[in-house]
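Secondary and tertiary structure notes
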Amino acid sequence: MKRLQKKYIQAAVLSAACGLLLCACAAKTVLDDIDRYGGENVPQQEGLSAVQQALELLPEPLIRVGFVQVGHESDWRIAATKSCMEVFSEENGYELLFVDADNDPQVQVQAVRNFIKEQVDYIVIDPIVTTGWTAVLKEAYHAHIPVIILDRTIDCMEKYYAAWFGSDFVREGEWAGQWLQNYLSSQGRGAQSIRIVTINGTQGASAQLGRTEGFARYLERNDNWELLAQECGDFTESGGREVMERYLEQYPDIDVVVCQNDNEALGACAAMEEAGISYGIDGDVIVLSFDATRAGLEAVLEGKIHADFECNPLSPPYAAEAIRRLEAGETLEQKHYYLPEDCFSAEESPMTLMVGFESKRMVTVTRELLEQRVY
């Protein structure tokens, strides 16, 4: 509606500018028509006003989208940003205002306020943390700018945003716990004491909260599992390496390391290699990861990571589809949409996981599969 009003304003200006020229030419035009048609059957416009005719001459205005991204801390994030740039391009009918917040929540909030001042048509947010969004989203709501949330969730009344597209992070953590439980049982270690360390993502991010909660449900069910420590690696390779180095100094016997994204897992693997600790399919330490980026799945194929649980970064196309429907005057059927995702392993005969009443057959990583992946 806002874009249509802008188009009418542009048309009105164009119509006014043409007004004097039309008046000056009116007499000549009428005389020419009379001469041509003998004073009879003078052709009429098809009921179009000058403004409507001017509208037809104007190019379709671009949809202005303000997009605020978390940062560029991981391969996953880079893939999400690339998808955003491809989808919200001028060729696709968009003008994109993009802000990389570099993992600063205050930068994200200020970016949204700037988008409101710029009177963009839509705001898309990939939030760093869940809290602190209510005030600024109220401002967007009262400015009649629809907001779409991607990836991580927020703590806010649902009426202040149009839709959310992302992953079920709790379920991802449950898939990881289920896989570990089944794998240990298949190795004859189901009743053994299992010492686990976790490298968490950014504290307060819904991905960190959800994966921690989901995996904790299996910690509670398996009395022989001991969580030795969990520290924040900030979803970065350097963070994963630093945390793993501390773990190796503090705990001489580690059976499992759970990394909440692939970059942390790669950092943890590097730390274990440097310390001379064997890990992976043929080693002593079981490595679990999340995201299933190309680098992560390469590590699965090489036998460094046992299992990787996908977090789909390609949510921008879903946001664009939501915008298309809103532009057409449609109402979105629901508020929350989970993206399609898989679970990957290095096993030639992948297991089938069962969480609640939902089953998930894991996917074996092959070279052919990697060549077909877009991220």
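What comes next is a walk through the structure. These numbers were taken from a predicted model, which means no experiment stands behind them.

How each quantity is defined
Note that residues are indexed from 1 along each chain, following the sequence as it is written. Per-residue local features are limited, in this predicted model, to residues with pLDDT of at least 70; the limit for side-chain atom pairs, both in listing and counting, is 80 or more; totals at the level of whole chains, interfaces and linings are taken over all residues. To get the side-chain values, all heavy atoms of the structure are used, and hydrogens and water are removed first. The numbering of helices and of strands both runs from the N terminus, where a helix is a DSSP run of H or I of at least 4 residues and a strand a run of E of at least 2. Between buried and exposed lies partly exposed: a residue is buried under 20% and exposed over 50% of the maximum accessible area for its type, with that area taken using a 1.4 Å probe on protein chains only. Note on contacts: a residue pair qualifies if any of its non-hydrogen atoms lie within 4.5 Å across the two residues. In this description, accessible areas are obtained by the Shrake-Rupley approach with a 1.4 Å probe, and a residue is regarded as covered only by the protein chains that are shown. Here, any two strands with at least 2 DSSP bridges between them count as paired. Between the N-to-C directions of two axes lies an angle of 0 to 180 degrees, each axis being a line fitted to C-alpha atoms and, for a helix, fitted only over the stretch in contact. Only one rule defines a salt bridge in this text: a Lys or Arg side-chain nitrogen within 4 Å of an Asp or Glu carboxyl oxygen.

Time to look at the overall build of the protein. In terms of helices and strands, the protein carries 12 helices and 15 strands. Taking all 375 residues of the protein together, 48% fall into the buried category. Residue pairs in contact within the protein that sit at least 24 positions apart in sequence constitute 72% of those at least 6 positions apart. When the accessible area of the protein is evaluated, it comes to approximately 18,200 Å², of which 51% is carbon and sulfur surface.

The sheet built from seven strands is open, its strands ordered β7-β6-β8-β9-β10-β12-β15 with mixed pairing. For this open sheet the edge positions go to β7 (225-232) and β15 (363-364), each flanked by a neighbour on one side alone. As defined by bridge partners, strand β6 (residues 194-200) adjoins strand β8 (residues 256-259) across four bridges and the pair is classed as parallel. Counterpart to V197 in the pairing with β8 is V257. Lying on the sheet, helix α6 (residues 169-186) is in contact with β6, β7, β8, β9 (286-291), β10 (307-310) and β12 (343-345); it crosses β9 at an angle near 155 degrees. This element, helix α7 (residues 206-221), spans β6, β7, β8 and β9 of the sheet and lies at about 170 degrees to β7.

So, about the pattern of salt bridges. The final tally for this structure, using the stated rule, is 25 salt bridges. The salt bridge partner of R64 is E95, with a shortest N-O separation of 3.3 Å. Linking R64 in strand β1 (residues 63-69) with E95 in strand β2 (residues 94-100), this pair joins segments that are 31 residues apart in sequence. In this structure R64 comes out as buried when scored by relative accessible area, which is 15%. Relative accessible area serves as the criterion here: at 32%, E95 is assigned to the partly exposed category. The structure contains a network of salt bridges with shared partners spanning E73, R77, D126, D151 and R152.

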